[in-house]
Amino acid sequence: MNIIVTSLFVENQDKALEFYSGTLGFVKKHDIPMGEFRWITVVSPDHQQGTELVLEPNVHPAAREYQQKIFAEGVPATMFGVEDVQKEFERLLEHGVSFTIEPTEMGNVKIAVFDDTCGNLIQIAQML
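Below, the structure is looked at part by part. The structure displayed is predicted, hence computed values, not measured ones.

A few points about the overall build of the protein chain
Move 1: When you go through the protein chain residue by residue, the secondary structure sums to three helices and eight strands.
Move 2: The order of α-helices and β-strands along the protein chain, N terminus first, is β-α-β-β-β-α-β-α-β-β-β.
Move 3: For 128 residues, the compact-globule estimate of 2.2 N^0.38 gives 14 Å, and the protein chain sits close to it at 15 Å.
Move 4: When the backbone C-alpha atoms are referred to their principal axes, the protein chain occupies close to 45 × 35 × 35 Å.
Move 5: By residue count, 36% of the 128 residues in the protein chain fall in the buried class.
Move 6: With an accessible surface of roughly 7,800 Å², the protein chain has 53% of that area assigned to carbon and sulfur atoms.
Move 7: Positive and negative charge centroids in the protein chain, built from 9 and 19 side chains respectively, lie 3 Å apart.

Rules used throughout
- Residues numbered from 1 in each chain as written.
- Predicted model: local features only at pLDDT ≥ 70, side-chain atom pairs only at ≥ 80, totals over all residues.
- Heavy atoms only, no water.
- Helix = DSSP H or I, 4+ residues; strand = E, 2+ residues; numbered from the N terminus.
- Rg over C-alpha atoms; globule rule 2.2 N^0.38 Å.
- Buried < 20%, exposed > 50% of the residue type's maximum accessible area, 1.4 Å probe, protein only.
- Areas by Shrake-Rupley, 256 points an atom, 1.4 Å probe, with all protein chains shown as cover.
- Lys, Arg positive; Asp, Glu negative; His and termini not counted.
- Charge placed at Lys NZ, Arg CZ, Asp CG, Glu CD.

Below you can see the structure in the form of structure tokens.
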């Protein structure tokens, strides 16, 4: 089995698409109207045939509550791998991204956590 799609609840699909593509650098793969909302996926520019991230609207009350609660507790909704956490931290700071955890070594991994402006905390990680 392979993971082909995973979802991330977002408060606003347009804002999320702009952040995930414009600020983070992911590539839009799909943007298909689905009634009131859209099926929007982004992929890594280096792995465009790889796992797709769905920017899923948080319209269901359970989804919204889950998203709000893990955010309030400081729990990242997902994690992205990067080659150099410090370099990515500095790049994202230049784009106005707000971090809740600055680059920190934890055993054989270095992490940082930022606010995606769409209701989520996102962790970036580098294997050391």
